[in-house]
Amino acid sequence: MPVLLKIRQNFRLRTARGLFLCVLCAALMGALTAGASGPVHAMAEEEIILQSNADGSVTADLFAMDTYMSLKAYGKNAKEALRAGAEEIRRLDRLLSTGREDSEISVLNKDGAAVLSEDVFGLFGRALEIGEETGGIFNVTIYPVMKLWGFPEKDYRVPSEEELSAALALADPGSVETDQNTRRVQFLKEGMAADLGGIAKGYTGARVTEIFREHGVDSGLVSLGGNVQALGTKPGGKKWKVAIQDPEGGTDYLGVLEVADEAVITSGAYERYFEENGVRYHHIIDPADGYPADSGVVSSTIVSSDGTLADALSTSLYIMGTEKAEEFWRECGGTFDYVLEAEDGTLYVTEGIADRFESTRKRVTVRKDG
Amino acid sequence: MKKKDLLLLAGLLLAAGLAALILMAGRRGEAGAVTVRVDGQVVGIWSLAEDREEDIDTEYGHNHLSIRQGAAYMTEADCPDGYCMQQKKITGIGETIVCLPHRLVAEGVAAEGQTADEDGIDAVTG
């Protein structure tokens, strides 16, 4: 068994050969344990269907992380790349989903402390980091407040002031203790809970394109429930065209972005909300008061080569509003760009993407030097 | 008719022709057909050129797709949220309507023989 052990230790081998060996081993293990019920069977059930298209691309539909995902890859290894990408999505879903009782995040939330795997610990650390950078607006511990509103279970209600202030006291990333050496995370207050949902899809998109690249694919597009991550350009060298949905619905888009090797991630109140007594309550909660954000922004799109960052900031800038967002963008010095739509319909577009964002709407270019 | 009038007419015709060309160019991303997939498996491909009503019944449930005046949209669904019936009508290549509970995706595609469009939209964020 020493060979197997070695492969297990180097599970994240970067070469296609390594992956192939891993898959082979998994298949062998699967064959050996055939007949026994459990995860092996569950995985076989989730076999993905690949579709070869006239333009040379291979695509796949996937339903995971409570959303619809579509993967597309070009090149001779496209099929293997898609299968490996889909497997990575399922693996991360099993680790990160608050909807699964046995996910690492659920175990942490139940026990108040847990030793996390490398991926989850790394992502948790990143979430805390971005939380600090945004002055607490991105809050990985907001989950008790989200639960109070019923968003995770889709069992909506408006909480009382008392309930909210109690839950807000638990939404305190300063009361999270992390240990780099043991990868242990511990909550210091009883009842705290975390949710990586605010960055999980961005991170997953980035991981999938990384896996595509490891398989020798240099052109692909991944959309995880409207969170888009592009790998390279289209095969001919042209940039990918990503349209931003109009929060009002209708037949038009806010505009079209041209991107290469970047993530494009949009947040808006329209994605999830409920109504009570004629008032609309949406799912982007401002950690300052525990109520749905009301900053005057109706749609927030981030463009960045860092998918994880783009995901976190799309909600953060929605909460900030156009003025704070502008300040924050200047401070961050070129790590991302944005398109924000204000209530009056005006689009605020940062200069890094201004010349590759096409739109017929009223727009203002946001510049570094004001 | 004077020569100048003829020139003017020719000029106007040319301008109109150019305008028409530009307008046509702007419509190149238009989908010629819609495909419907359930769990990634294609269950139907229908042209958008003719009006049509399609029932899609699978193990997950019932949907009804309507194709009217070049646009495809969901008009019936017995899923709990009915969100698919509120989604934007499909007219362009790459546009989708998703019924998550029924694992169903309708997508605008190029019709058979329609040249693949280089300048169409590749994805929608939101």
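Conventions we followed
Residues numbered from 1 in each chain as written. Chains lettered and ligands numbered in written order. Predicted model: local features only at pLDDT ≥ 70, side-chain atom pairs only at ≥ 80, totals over all residues. Heavy atoms only, no water. Salt bridge = Lys/Arg side-chain N within 4 Å of Asp/Glu carboxyl O. Helix = DSSP H or I, 4+ residues; strand = E, 2+ residues; numbered from the N terminus. Core = buried A, V, L, I, M, F, W, Y, C linked by side-chain atoms within 4.5 Å. Buried < 20%, exposed > 50% of the residue type's maximum accessible area, 1.4 Å probe, protein only. Contact = heavy atoms within 4.5 Å. Polar contact = N/O pair within 3.5 Å; in protein donor to acceptor, adjacent residues only side chain to side chain. Pairing = 2+ DSSP bridges. Axes fitted to C-alpha atoms, helices over the stretch in contact; angles between N-to-C directions. Parallel < 35°, antiparallel > 145°, perpendicular 65-115°, else oblique. Left-handed = near helix turned anticlockwise from the far one by under 90°. Nonpolar A, V, L, I, M, F, W, Y, C, P; charged D, E, K, R; others polar. Buried area = accessible area lost by both parts, 1.4 Å probe.

Peer 1: Tell me what's going on with the pattern of salt bridges, and back it up with residues and numbers.
Peer 2: Residues and elements named next belong to chain A. Going through the model one piece at a time under the given rule, you end up with 25 salt bridges over all chains. With a shortest N-O distance of 3.3 Å, Lys154 and Asp66 are connected by a salt bridge. Linking Lys154 in the loop between α7 (143-149) and α8 (161-170) with Asp66 in the loop between β2 (57-64) and β3 (67-74), this pair joins segments that are 88 residues apart in sequence. Each of Glu88, Arg91, Asp119, Arg207 and Glu210 takes part in salt bridges that share partners, so that together they form one network.

Peer 1: Got a sec to walk through the nonpolar core? Specific residues and values, please.
Peer 2: One finds Phe124, Leu196, Phe212, Leu317, Phe336 and Tyr338 of chain A to be the most contacted residues of the largest nonpolar core, which totals 70 residues. In contact with Phe124 of chain A, other than residues within four places in its own chain, are Ile105, Leu108, Leu116, Val176, Val185, Phe187, Ala194 and Leu196 of chain A.

Peer 1: Which residues make up the side chain of Ser97 of chain A, and what values do they have?
Peer 2: Residues and elements named next belong to chain A. Looking at the secondary structure, you find Ser97 in the loop between α4 (78-96) and α5 (104-111). On the basis of relative accessible area, Ser97 is assigned to the buried category, the value being 18%. Here the side chain of Ser97 touches Gly99 through a polar contact of 3.0 Å, landing on its backbone nitrogen. If near-sequence neighbours (up to four positions away) are discounted, Ser97 is found in contact with Ser103 and Ser106.

Peer 1: Which residues make up the sheet that holds strand β6 (residues 96-99) of chain B, and what are the values?
Peer 2: All names here are of chain B. If you trace the four strands from one edge of the open sheet to the other, you get β2-β1-β7-β6, paired in antiparallel fashion. Where the open sheet ends on each side, the last strands, each with one partner, are β2 (41-47) and β6. Averaged over all pairs of adjacent strands, the angle between strand axes in this sheet comes to 15 degrees, irrespective of strand direction. As defined by bridge partners, strand β1 (residues 33-38) adjoins strand β7 (residues 104-109) across six bridges and the pair is classed as antiparallel. Considered in β7, the bridge of Val38 is made with Leu104.

Peer 1: Just give me the short version of the pairing of strand β12 (residues 273-276) of chain A, but keep the residues and values in it.
Peer 2: Residue and element names in this part refer to chain A. Direction of pairing for β12 relative to strand β13 (residues 279-282): antiparallel, over a ladder of four bridges. Counted as the bridge partner of Tyr273 is His282 from β13. Linking two consecutive strands that pair antiparallel, namely β12 and β13, is a turn of two residues; a positive phi of about 50 degrees is found at Asn277 within it.

Peer 1: Talk me through the packing of α4 of chain A against helix α9 (residues 197-214) of chain A; I want residue IDs and the actual numbers.
Peer 2: Residues and elements named next belong to chain A. Their axes nearest at 9 Å, the elements α4 and α9 cross at an angle of 150 degrees. Classified by the angle between their axes, α4 and α9 sit roughly antiparallel to one another. For the pair α4 and α9, the crossing hand works out as right-handed. Packed against α4, whose contacting residues are Ala81, Leu82, Ala84, Gly85, Glu88, Ile89, Leu92 and Leu96, the element α9 presents Ala200, Tyr203, Thr204, Arg207, Val208, Ile211 and Phe212 at the interface. Here the contact of α4 with α9 is built from residues that sort into 11 nonpolar, two polar and two charged.

Peer 1: With reference to specific residues and values, describe the interface of chain A and chain B.
Peer 2: A common way to report how large an interface is uses the accessible area buried once the components associate. Tallying the contact residues gives 31 residues for chain A and 21 residues for chain B. For the pair chain A and chain B, the summed buried area comes to about 2,400 Å², and 53% of that belongs to carbon and sulfur atoms. Among the residues of chain A in contact with chain B, Phe63, Lys241 and Tyr253 of chain A are the three that bury the most area, contributing 27% of the side total. Along the contact surface separating chain A from chain B lie two salt bridges. Put simply, Asp122 of chain B and Lys234 of chain A hold a salt bridge, and the shortest N to O gap is 3.1 Å. At the boundary of chain A and chain B, one finds 13 residue pairs in polar contact (both at pLDDT 80 or more). Mapped by element, the contributors of at least two residues to the side of chain A that touches chain B are β2, β3, β9 (240-245), β10 (253-259) and β11 (263-268) of chain A. With six residues, β9 of chain A is the single largest residue contributor to the side of chain A that touches chain B. For the side of chain A that touches chain B, a count of residues per class yields 14 nonpolar, eight polar and nine charged. As defined by bridge partners, β9 of chain A adjoins strand β8 (residues 123-125) of chain B across three bridges and the pair is classed as parallel. When the bridges of β8 of chain B are listed, Ile244 of chain A appears paired with Thr125 of chain B.

Peer 1: Pulling in residues and values, what's your account of the sheet that holds strand β6 (residues 184-187) of chain A?
Peer 2: Residue and element names in this part refer to chain A. Ordered in space as β4-β6-β5, the three strands form an open sheet in which the pairing is antiparallel. Because the sheet does not close on itself, it has two edges, and the strands there are β4 (113-115) and β5 (176-179). Between one strand axis and the next, the sheet turns through 10 degrees on average, direction left out of account. Bridge count between β4 and β6: three bridges; the pairing is antiparallel. Bridge pairing in β6 places Val115 opposite Arg184. Contacting β4 and β6, α5 runs over the sheet at an angle of about 145 degrees to β4. Contacts from helix α6 (residues 118-133) reach β5 and β6 within the one sheet, and its direction differs from that of β5 by about 135 degrees.

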